Each structure stands twice: as structure tokens, then as C-alpha cells.
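Chain residues, written in single-letter form:
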Amino acid sequence: MSTPVAPSSAASMHEVSDRTSELVELVLRYARGRILSSDTPLDKPIAPLDLALRAGRSIDEHGIGAERALALFEDVLAPACITTDHPQYLSFIPTAPTKASVAFDLVVSASALYGGSWLEGAGAVHAENEVLSWLAAEFGLPASAGGVFVQGGTLGNLSALVAAREHARAVATRSGAELPSRWKVVCSAEAHSSIASAARVMDVDVVAVEPGDDGVLRGDAVRAALEEHAASVFAVVATAGSTNFGIVDDLASIAAVTDEFDVWLHVDGAYGLAGMLSPMARHRFAGVERADSVIVDPHKWLFAPFDACALIYRDPEAGRRAHTQHAEYLDTLTETSEWSPSDYAAHLTRRARGLPLWFSLATHGAAAYRDAVTASIRLAHDIAREIDRRDGFRLVREPQLSVVVFEREGWSKADYAEWSARLLDEQHAFVTPSSHAGRPNTRFAIINPLTTYEHLTAILDTMA
Ligand SMILES: Cc1ncc(COP(=O)(O)O)c(C=O)c1O
């Protein structure tokens, strides 16, 4: 019988010892404090040289110890990161994870879950798939729809478009048609930059179609593009909530055209599709139920932590055909009919990143989500009316969802930049300059249910 040997120093970081227990307590105490804090400052970046000086060197052969490393994070590094879930963070598309989702994110790491295959992560995959099915049902997709949580909207759009091209190639090959020399994807000129990024990666061309003056892409404009580019188009991308304005394309008229031309319809709802949960906005998304693929990012308006994008295919087999990786060591995973999330996007190893949303949804129920999304839309409409009332302010477009774009009359780009920097410097708010049609403006992107009307009017007051 062999006698147990004392753990060598090679195992000292992994074994459960007084040292590792203290370290875990230390980190969890910090995490608990951050999750339950209601006054985490907005914070701001500092210049690279200053930061390097303040941080000093933390990595050497012997380690500086958990206490010092955590103190460095708490005192120097974290304050140099903007608090993206702060109620007065109103730039880009903010994030506002629920307490339940953030707390459970710790569990996902602690449990060392592998979310790539059914064999290794069946329980996690089951729960993620329940969320995807719930989303698919909300969007009116068939019960057979399914997909995977990927890192973000950029990867979700890319993976969907790769599946679309694969599908178009298979259809053309089956029918004996000649393959186009260049594949093309049709989208609005106001589509998110990730569509152009996907096209570059895929080496395909983008046909950018001008939307109407209201920013909405409609079926007639898509029809004209399809008539011109005919068989070389493998997908049309409609946007369900543009990033700059939160505008939803006319999905129903676009779907009618993609049906007629038998072209894949992808709906990029990274930010906006969550708006469908609200009775105030649901009608705007009519037609999404006819999409071949959709994305929506839980780290945006579904109140989950970074990073997660739900990618859903009407026919998951199309995703699987395009993305399954084949290798001798993987045969045991891929030669089964079991649902392995790795098969549905351009990735292999994956975090079970849908679980924080699953836990929060299971805990609070869908109605709480509907209320939180509705609150953002209502606040956006209320502040739009306030902007209308104020002299010297101009609403650029009527908000559809929860993004409000407005101008301070007479302000130059430099005025917005100076004002925005001052707001952050004074730790009042994070509101960045933007522009539309060559005119500078700024915008409130409202996601966080803790953002109030008073927060927003106080920001407007600083522009007087
Ligand atoms: C409409 C839209 N699509 C795609 C993306 C890209 O998502 P991600 O930043 O998660 O890659 C965004 C991001 O804001 C977006 O608003």
C-alpha cells in the first residue's frame, strides 16, 4: 500500500490550506462589498504613465501575496476603470447586471463548468438552453429554434453570417448554380460596425442600403438591393435597435422580401431586441419571428454581466453544419446527437456564460425583466419630452426604445468634448459626444433601472 505523500510546492496554489482559504475569504469579502455597494464611484481612466507609476511592479518570481495584490486592485486599478453599471453611465450601451446575475457569475467560475459540450456540461447546457428557448418563444421563433451564448454581439453576428453563407453555398451547389465570385451581405447604412467587421473577416462585400429619413430600413429598399445584386447575396441583416438611436428596422416588410428572394434574414438585436419584453415596444418588432437567426446581448439590456450574446437559429442544424469542428480527439463529442454548444458558433472552449442570466431569470421571473425594460423606455420618453420643453435643446429623433439623442443648439464638437470630460472629471456622469449626419450631438443610453429622471435633468442643467 502506498503511503500518502505531502503535497509538493507544485500543488500549493491548488490545495485547500489555511493560506488558500484566507485568500478566498479575502477576495470574496471584496466581491461581496462591491456587489452590495450602492455608492461605487463612477471612476475614470488615468494616463498610462501615471498608472504605471502608481501600480508599480506586481509580478516577480515570488509573488507579492494576495493582500497586496488585492489592495493594488482596490486602490489603484479598479479606480482607473469606469463603473459601467453606474446609474449615471449613459454612454455607448451601458450594462446593469442584476445582483443575482453577478453573484451567480462567481458560482460559474467557482464550479469550473465547461460549457462547450453536453458530455462535460450537460446541466449547464440544459439551463442555458432553457433561457434560449424562452427568448426564442418571446421572439415568436419556433420551439425547434436554438443556439448558443457567445462572447458578444460581434461574434454572434459573425457566427450567424458564416452559417448563412454556408447555407447559401449549399443551396446553390445543390441546384447546380454557379457560385458568385464575391458573396454579399445587405444591411442598413446605419447597421452596427460589427457587420462590416464580420464581412472583412469573411472576405465578403457589404451592400449598405440607405434607410429612410427616420433611420428605419424597409423592405422596398432591401428589394432594390436584392434585385441589383441578385444571387450573390447570402444574407440580409436587419437591426432591431440601432446602437446610435435605438431604431428598429421594419422587420415585417424586410422579412416579406427575404422570403420572396429566399435569402437568409439575420436580425441584429444585440441591444434592442430585449425591448420586445416590454408591452410599450413589443409591436415594433413584428416580423422578427420570420428571421433565420437573431442575436440579443444579455450584457446589454437583459441585465447580465459581461460577456454574453444569445445567438439563436431558426434551424439550429444550419449553425451546426457551419461551425462544428472536426478532429480525432473531438470525435467523441461530435459523433453524437447530443447538443454541444461549441457546435453553433466560431469557438470551441466556452464559459457557460448564459448561466448568470438563467439564475437571475429563474430567481426573479420574466415579469421583473419586463418591468425593468419598460422602466427604461418610459424614462427615455419622459426625458425626451423634457428636452423638447427646454430652450436651446433639440431632440434629433423621437426615441423608439431607450436611447435619446439630442443637440445643445450652437455647440461645436469641441464644446461637447469639453463638457463630457468635465462631467466625468467631476464624477457627475459619463455621457460621451456623438454625431449624426455630420452634426455633433450627445445621447443618453438608458439601461439601468437605477437611473432616474432627476439624474438626467441634473445632467441637462449642466448644459445650460
Ligand atoms: C446593434 C449592435 N450590434 C452589435 C453590437 C456588438 O456587440 P458586442 O459589443 O457585444 O460585440 C452592438 C454593440 O453595441 C450593437 O449595439
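Note that the coordinates shown come from a computational prediction; the quantities given were computed from them, not determined experimentally.

Okay, the pairing of strand S3 (residues 205-209) next. Across five bridges, strand S2 (residues 184-188) lies against S3 in parallel orientation. By the bridge assignment for S3, valine 185 is matched with valine 206. For the handedness criterion, the β-α-β arrangement of S2, helix H7 (residues 193-202) and S3 is classed as right-handed.

Around the ligand, a shell composed of 14 residues is seen, among which Gly152, Gly153, Thr154, His192 and Ala270 lie nearest. Per element, the largest residue contribution to the shell around the ligand is three residues, and it comes from helix H6 (residues 153-175). Residue composition of the shell around the ligand, grouped by class: four nonpolar, eight polar and two charged.

Bringing the pairing of S2 into the picture now. Most of S2 is tucked away, with five of its five residues classed as buried. Pairing of S2 with strand S4 (residues 233-239), which is carried by four bridges, proceeds in the parallel orientation. Across the sheet, residue cysteine 187 finds its bridge partner in S4, namely valine 237.

Turning next to the sheet that holds S2. Pairing is mixed in the open sheet, where seven strands are placed in the order S1-S7-S6-S5-S4-S2-S3. Only two strands of the sheet have a single partner each, and these edge strands are strand S1 (146-150) and S3. Recorded for the sheet is a direction-independent mean angle of 20° between the axes of neighbouring strands. Of the pairings in the sheet, the one linking strand S5 (residues 264-268) to strand S6 (residues 293-296) comprises three bridges and is parallel in character.

Let us look at the UniProt feature "modified residue: N6-(pyridoxal phosphate)lysine" (unreviewed entry) in the protein. UniProt's feature table lists "modified residue: N6-(pyridoxal phosphate)lysine" (unreviewed entry) at Lys300, given in the numbering used throughout. As for its placement among the helices and strands, lysine 300 is situated in helix H10 (residues 298-301). Contacts of lysine 300, omitting those with residues within four sequence positions, involve Ile93, Thr95, Ala270, Tyr271, Ala274 and Ile447.

What the domain assignment lists for the protein is domain 1 (15-81), domain 2 (104-364) and domain 3 (366-461). Inter-centroid distance (C-alpha atoms) of domain 1 to domain 3 is 33 Å.

Now for the environment of leucine 265. Mapped onto the secondary structure, leucine 265 falls in strand S5. Leucine 265 has contacts with Val236, Ala238, Ile254, Ala255, Thr258, Arg290, Ala291 and Asp292, leaving out every residue within four places of it along the chain.

Before going further, it helps to spend a moment on the environment of serine 144. You can see serine 144 is positioned in the loop between helix H5 (118-139) and S1. For the pair serine 144 and arginine 314, spaced 170 residues apart in sequence, the C-alpha separation works out to 7.2 Å.

A separate point is the sheet that holds strand S11 (residues 439-445). What the four strands build is an open sheet, ordered S8-S9-S11-S10; its pairing is antiparallel. In this open sheet, the two strands that pair with only one neighbour each are strand S8 (393-395) and strand S10 (433-436). On average, each strand axis in the sheet is inclined to that of its neighbour by 45°, with strand direction left out of account. Strand direction decides the pairing type here: strand S9 (residues 403-408) and S11, joined by four bridges, are antiparallel. The residue bridging phenylalanine 406 from the neighbouring strand is threonine 442, located in S11. Where helix H14 (residues 366-389) meets the sheet, its contacts fall on S8, S9 and S11, and the angle it forms with S9 comes to roughly 15°.

This part takes up the nonpolar core. Val185, Leu311 and Ile312 are the most contacted members of the largest nonpolar core, which totals 118 residues. For this core, the domains that each give at least three residues are domain 2 (104-364) and domain 3 (366-461). Apart from the residues within four sequence positions on either side, valine 185 is in contact with Leu161, Ile195, Ala199, Val204, Val206, Phe234, Ala235 and Val237.

Here the focus is helix H4 (residues 99-110). Relative to the 16 Å expected for twelve residues at 1.5 Å per residue, H4 spans 17 Å between its end C-alpha atoms, a close match to the ideal helical length. For H4, the full list of buried residues reads Ala100, Ser101, Phe104, Asp105 and Val108. Projection of H4 onto a plane perpendicular to its axis shows the buried side chains occupying an angular sector of 140°, all on one side. Counted as exposed and oriented over 90 degrees from the buried face of H4: Ser109 and Ala110. On its buried face, H4 is in contact with helix H13 (355-364). Positive phi shows up at alanine 112, right after H4, with a value of about 50°.

Here is what the cut-offs are and how they apply
- Residues numbered from 1 in each chain as written.
- Predicted model: local features only at pLDDT ≥ 70, side-chain atom pairs only at ≥ 80, totals over all residues.
- Pairing = 2+ DSSP bridges.
- Helix = DSSP H or I, 4+ residues; strand = E, 2+ residues; numbered from the N terminus.
- Right-handed = clockwise from strand over helix to strand, strands pointing away.
- Near = placed C-beta within 6 Å.
- Nonpolar A, V, L, I, M, F, W, Y, C, P; charged D, E, K, R; others polar.
- Buried ≥ 20, exposed ≤ 12 C-beta atoms within 10 Å, placed from the backbone.
- Axes fitted to C-alpha atoms, helices over the stretch in contact; angles between N-to-C directions.
- UniProt positions renumbered as here; feature names shortened; annotations may be inferred.
- Contact = placed C-beta atoms within 7 Å.
- Domains from an automatic or database assignment.
- Core = buried A, V, L, I, M, F, W, Y, C linked by C-beta atoms within 7 Å.
- Expected span 1.5 Å × (residues − 1).
- Arc of directions from axis to C-beta.

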